[in-house]
Amino acid sequence: MAFSSSRTEPNRELLIGAPPPGQTASLQKTIGAAQFAVFGFGSIVGSAWVILLGIWLLHAGPGGAAVGIALGGAGMALIAAMYAELASRFPQTGGEVTYINAVFGKAAGFVVGWLLTLAYLSGLALEGVALTWLLEVLWPPIAGRTLYVIFGQPVGSGGLLVSLGCWATIAWLNYRGARSFVRFQNTLTALFLLVVFVAIGFELYFGSNHNLRPVWRSGDGESWLIGAAWVFGSAPIMFNSFQAVLQAIEERSHTTSKEVVVRLAIVAVGCAALFYLLVVFAAARATPWRALATSDLPAIHALASLPWSGALKTALLLALIASLLKTWSAVFMTAVRLLFAQAREGMIPGFFGSVNPRTGSPDKAVIVVAAINFAGLFLGKGMLMPIINIVSLAIALIFALICAAALVMRKRDPEHVGFRTPGGYPVGTLAVLAALAMAVFALLQPTPKSPAADALKWTLLASWTLLGLALFVSRNRTLLSARRVS
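Report on the accompanying structure. (Residues numbered from 1 in each chain as written. Predicted model: local features only at pLDDT ≥ 70, side-chain atom pairs only at ≥ 80, totals over all residues. Heavy atoms only, no water.)

1. Remarks on the pattern of salt bridges
Stage number 1. Summed over all chains, the structure comprises 3 salt bridges.
Stage number 2. For E259, the salt bridge goes to R263, with nearest N and O atoms at 3.7 Å. Of this pair, E259 and R263 both sit in helix 11 (residues 258–286), 4 residues apart, roughly one helical turn. (Salt bridge = Lys/Arg side-chain N within 4 Å of Asp/Glu carboxyl O. Helix = DSSP H or I, 4+ residues; strand = E, 2+ residues; numbered from the N terminus.)

This is how it looks when you write it as structure tokens:
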């Protein structure tokens with residue numbers, strides 16, 4: 001149980017995150033403050049913006065895109081602050097699962113955790129397929145022979161083999177434990193930032209403000225305000241994975257306080273918002289933005305008219321591949337810890353809560369996530385839009401519930417000493433409304449053109465729901481029987 005019937009006294013075993021009987025679920029304590037800072041930003045800024053940049057400009061133009069990003073960043077900063085408030089109360093691995101379980105009970109915690117796990121596992125497939133796409137743009141022969149066509153898109157042998165090699169590396173690093181994948185993540189983030197800021201410098205210096213005009217007009221003929229709302233609605237996927245910092249809070253070093261960690265999650269969101277604004281302005285200044293709005297990879301297209309464009313394109317593609325790898329690693333880590341947390345809280349079989357005594361990693365959960373990621377790599381580029389739709393809507397709804405849980409905990413435990421979001425209940429309520437607005441606007445995202453891709457989205461949702469019910473009932477059969485008797 002999470003709380004007593006009066007909902008006033010928390011169950012201490014739950015808050016501590018007690019392992020299943022007979023297991024010692026102790027994770028490594030190795031991540032410092034500087035590592036958390038780089039890890040947070042690197043987890044958010046992956047590869048999605050490379051594709052979304054053109055869509056932002058198409059629907060909102062440069063001015064509307066900037067407004068949507070700024071509003072989305074502000075809303076996400078509020079949501080991150082509410083997350084940080086809960087993380088300060090419950091500094092354990094598990095994030096949303098642990099928070100909702102503690103506040104609303106095991107059933108609600110399972111629904112949130114299972115839905116969020118689907119979003120992250122779907123994101124793993126997205127990262128792997130996007131990697132193949134970038135590699136084929138960088139060096140077309142790597143695509144190799146077409147093996148098959150799925151959802152209207154070909155899948156080549158060469159690109160698939162490379163993505164499988166990267167998948168194996170990421171799975172192995174996660175199996176080894178937190179120190180390995182955080183070091184890997186931060187190295188790639190440093191490389192990514194170096195190259196991207198060089199490219200942005202070229203765009204700003206050699207570009208022209210004339211390319212930004214008309215600033216307040218969309219590229220699809222609709223109002224830029226509608227486009228700005230759409231950009232705002234894409235904030236959940238733009239800023240997602242800031243939670244990776246909080247997911248790893250239990251693995252902080254002994255010299256890093258939990259208050260430092262929760263604040264770094266908020267800082268990571270702010271830095272990501274500034275990065276997205278800079279990317280939009282620099283790209284639209286380098287090349288007329290209407291041309292970018294119809295490009296598959298606008299971030300690369302923006303460099304075409306600049307000096308040394310060939311070298312810049314190659315360097316940026318390599319940096320984007322590095323960025324994608326680091327985000328892939330962060331999403332993998334988060335999915336693993338979501339399964340681990342659900343097992344530790346008694347929601348799904350204890351098999352997923354096993355910890356390797358030598359590496360301190362959730363070994364069984366790593367194997368399961370790796371197997372699902374492996375299967376997703378074979379779906380090809382045609383599954384990108386249904387995956388984006390699943391992730392955006394699901395995460396926005398979970399954000400709203402998390403913010404509500406933070407407000408509930410303020411009433412239950414007003415004497416808590418730790419991080420509290422400035423502004424009291426009005427700001428907390430604003431965070432809930434921002435999350436709900438993101439969910440509403442996420443429904444306006446473009447729908448898949450392929451009936452097969454649309455069917456994939458609903459098949460994933462339905463099959464994942466049935467699997468979750470089966471696991472939950474299997475693990476909690478005694479509890480459910482007791483409830484029916486009472």
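Moving on, there is more to tell.
2. So, the packing of helix 6 (residues 157–176) against helix 14 (residues 309–344)
Stage number 1. Axis separation between helix 6 and helix 14 bottoms out at 10 Å; the angle between their running directions is 50°. The orientation of helix 6 relative to helix 14 falls into the category oblique. Relative to helix 14, helix 6 is oriented so that their crossing is right-handed. On helix 14, the residues that touch S163, C166, W167, I170, A171 and N174 of helix 6 are L325, W328, S329, F332 and M333.
Stage number 2. By residue class, the composition of the contact of helix 6 with helix 14 is 8 nonpolar, 3 polar and no charged. (Axes fitted to C-alpha atoms, helices over the stretch in contact; angles between N-to-C directions. Parallel < 35°, antiparallel > 145°, perpendicular 65-115°, else oblique. Left-handed = near helix turned anticlockwise from the far one by under 90°. Contact = heavy atoms within 4.5 Å. Nonpolar A, V, L, I, M, F, W, Y, C, P; charged D, E, K, R; others polar.)

3. Comments concerning helix 4 (residues 96–104)
Stage number 1. Buried residues dominate helix 4, accounting for 8 of its 9 residues.
Stage number 2. Taken together, the buried positions of helix 4 are E96, V97, T98, Y99, I100, N101, A102 and V103.
Stage number 3. The first or second residue beyond helix 4 is G105, which carries a positive phi of 105°. (Buried < 20%, exposed > 50% of the residue type's maximum accessible area, 1.4 Å probe, protein only.)

4. What to know about the packing of helix 3 (residues 48–89) against helix 17 (residues 424–442)
Stage number 1. Where helix 3 contacts helix 17, the two axes come as close as 9 Å, and the packing angle between them is 125°. As far as their axial angle goes, helix 17 and helix 3 are oblique. Relative to helix 17, the crossing made by helix 3 is left-handed. Taking contact as the criterion, the partners of G72, G75, M76, L78, I79 and M82 in helix 3 are, on helix 17, V427, G428, L430, A431, A434, A435 and M438.
Stage number 2. When the residues that make up the contact of helix 3 with helix 17 are grouped by side-chain class, the tally is 10 nonpolar, 3 polar and no charged.

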